[in-house]
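Next come the chains, spelled out residue by residue.
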Amino acid sequence: MEPKRLFKRKIYDRLLKWKQESNGSSALLIEGARRIGKSTIVKTFAQREYESFILIDFTKCSQEVKDLFNDVSDLNYIFLRLQLVYGVQLVERKSLIIFDEVQFQPLARQAIKSFVEDHRYDYIETGSLISIRKNTEHILIPSEEERISMYPMDYEEFRWAMGDTATIPLLRSIWEHPQPLKEAHRKLMRDFRLYMLVGGMPQAVDAYLETNNFEMVDRAKRLILDLYDEDFGKIDPSGKAARIFAAIPAQLNSNASRYQISSVIPKSRAEDFIELISEMEKSKTVNISHHCDDPNIGLGSTEDLEQYKMFVGDTGLFVTLAFRDKAFTENVIYERLLSDKLATNLGYLYENIVAQMLTASGNKLFYHSWPTESGKHNYEVDFLLSRGTKILPIEVKSSSYKTHASLDAFCKKFSSRITNERYLIYTKDYAREETVKYLPAYLAYFL
């Protein structure tokens, strides 16, 4: 089910850069969750930038094509067969061969070494679940492979899809020269909430533009969630991965300082799930924020693999997942978020979108929690980013509240380790008080 529209994606420029710089000396591997538009963008790139191309979709190509990669000692024979099967004439240094969903034929991925050395054509591989162990265990990963990750449409790509090229440059200038936006803030926030509801999956965006009807958007997202369930079945046939994913909204709602695996899978311990959680993270369907036990420059050096929070890779999918077992009409998020009347117990949506935006801009996610003086509660800073030799702390509020006890306590405790800046992301207009900058959620895009 391909979207009817062709959406402009930033990754296209990365593909161009790779083509020019590598000039056939490396293959490009694009990995990401299912249905984020990998095949579409690569096919478009092939049509525009090459004289001819062959797209081998390993989910539906013939066994004969799959078997060509079992023995790559005679490349001439392989290229001859491919040209005959696909009815395409390949031109030396002017053609591209695409291995689509390459995880279904790992030997094709291993063969990249021979193909690149041969240097006749260019190669792009795409896939989901590429990095999980069972798709790599018996093959040699080629060093000639450059890897890039693809994510759901970011906020700028979403605005482009809406036919709006003005908003992000305006926000960028606000980010560089911060000031309150007054009347404009309301519309900017409404536009951003629409992005949270629809999300960045091309099919959901397409359904929104096609029908202007959230029920149809929700239907498109449910189909994607069904595909994710299939993928989780491949990672973990016991069904635990699918249950862990389905419980994300409830886990975030519980306000605990970590994902409680034992409440989803009774009698289980966090340490038994480290590998499965890592495989889920590699599937790019979730974003995981690990607890950093001793926040310092190298946040990863004190990362706690058993203590983490889990977010859905796309916030639009999160909206659907939260009410997946009910009819669309019962999903109160659409109505409440659109009219800006989100109940506090749904506030984690803002945490999810911030996690999504930080991940898409290349940040690894960490957070920190520790007991308050009374010991009855915990302080918690939602996100920590590494900036040079310092840490940038971020707190997320789903409301207009400007309280930030955790942020203050953190800055006091680690005063020598933090930047001069600290951010509170919330739903109201830009403001500044001493060292704290209050950012409307749409400005988190620039962090």
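**Q** Even after reading the chapter, I still don't get the sheet that holds strand β9 (residues 378-381), so can you show me in this structure?
**A** Strands pair in a sheet through their backbones, by hydrogen bonds, and they do so in one of two ways: parallel or antiparallel. Strand order in the open sheet formed by 4 strands is β7-β6-β8-β9, and the pairing between neighbours is mixed. Of all the strands in the sheet, just β7 (303-312) and β9 have a single pairing partner and so form its edges. Taking the axes of each pair of neighbouring strands and ignoring which way they run, one obtains an average angle of 30° across the sheet. Where strand β8 (residues 366-371) meets β9, 4 bridges bridge the pair, whose relative direction is antiparallel. Across the sheet, residue P371 finds its bridge partner in β9, namely N378. The sheet contacts of helix α18 (residues 348-360) involve β6 (286-292) and β7, and relative to β7 the element is tilted by about 110°.

**Q** Would you explain the pattern of salt bridges in this entry?
**A** Two side chains carrying opposite charge are able to pair once their charged atoms lie near each other. Considering all chains together, one arrives at 35 salt bridges under this definition. Ionic pairing is found between K17 and E21, a salt bridge with its closest N-O pair at 3.6 Å. With K17 and E21 both in helix α1 (residues 11-22), this residue pair falls 4 residues apart, about one helical turn. D191 is the partner of R159 in a salt bridge, and the nearest nitrogen-oxygen pair spans 3.9 Å. Of the two residues, R159 is situated in helix α7 (residues 155-161) and D191 in helix α9 (residues 183-198); the sequence distance between them amounts to 32 residues.

**Q** Just to check I follow, could you spell out the sheet that holds strand β1 (residues 27-31) for this structure?
**A** In spatial order, the strands read β2-β3-β4-β1-β5; together these 5 strands make up an open sheet with parallel pairing. At either margin of the open sheet sits one strand with a lone partner, and together these are β2 (52-57) and β5 (145-149). This sheet shows a mean twist of 20° between the axes of neighbouring strands, independent of strand direction. As judged from the 5 bridges shared by β1 and β5, these two strands associate in the parallel manner. Bridge assignment links L28 to a residue of β5, and that residue is E146. Seen against the sheet, α1 touches β1, β3 (95-100), β4 (122-127) and β5 and runs at an angle of roughly 165° to β5.

**Q** Whenever I open this one, the packing of aromatic side chains confuses me. Can you help?
**A** Following the criterion strictly, the structure yields 30 aromatic pairs and no others. With 5.9 Å between their ring centres and 65° between their planes, F58 and F99 make a pair best called edge-to-face. With a gap of 41 residues between them, F58 in the loop between β2 and α3 (63-67) and F99 in strand β3 connect regions that are remote in the sequence. By relative accessible area, F58 is classed as buried at 1%. Relative to Y423, the ring of W175 has its centre 5.9 Å away and its plane inclined at 35°; by these criteria the two rings are tilted. Pair noted here: W175 is in helix α8 (residues 167-176) and Y423 is in strand β12 (residues 422-426), with a separation of 248 residues, a long-range link. Here W175 falls in the partly exposed class, since its relative accessible area comes to 23%. For Y423, a relative accessible area of 6% translates into the label buried. The rings of F58, F69, F79, F99, F115, Y121 and Y123 are connected pair by pair, giving a single aromatic cluster. Positioned above the aromatic ring of W160, the side-chain terminus of K8 is 4.1 Å from the ring centre. Between K19 and the ring centre of Y50, over which it is positioned, the NZ or CZ distance is 4.7 Å.

**Q** Before we go on, may I ask you to explain the pairing of strand β11 (residues 390-396) in this structure?
**A** Across a regular strand the side chains alternate sides, sitting on one face of the sheet and then on the other. Burial analysis of β11 places 6 of its 7 residues in the buried class, which makes it a mostly covered element. Bridge count between strand β10 (residues 383-387) and β11: 5 bridges; the pairing is antiparallel. When the bridges of β11 are listed, L384 appears paired with P393. Where β11 and β12 come together, 3 bridges link them in parallel fashion. Bridge assignment links V396 to a residue of β12, and that residue is I425.

**Q** Just to check I follow, could you spell out α8 for this structure?
**A** In an α-helix, one turn spans 3.6 residues, which is why side chains three or four residues apart end up on the same side. Within the sequence span of α8, burial applies to T167, I168, L171 and I174. Along α8, the residues classed as buried sweep out an arc of 115° about the axis, all on the same side. Against the buried residues of α8 lie α7 and α9.

Rules behind the numbers
Residues numbered from 1 in each chain as written. Predicted model: local features only at pLDDT ≥ 70, side-chain atom pairs only at ≥ 80, totals over all residues. Heavy atoms only, no water. Pairing = 2+ DSSP bridges. Helix = DSSP H or I, 4+ residues; strand = E, 2+ residues; numbered from the N terminus. Axes fitted to C-alpha atoms, helices over the stretch in contact; angles between N-to-C directions. Contact = heavy atoms within 4.5 Å. Salt bridge = Lys/Arg side-chain N within 4 Å of Asp/Glu carboxyl O. Phe/Tyr/Trp six-rings, centres within 6.5 Å; stacked < 30°, edge-to-face > 60°. Buried < 20%, exposed > 50% of the residue type's maximum accessible area, 1.4 Å probe, protein only. Lys NZ or Arg CZ within 6 Å of the ring centre and 35° of its normal. Arc of directions from axis to C-beta.

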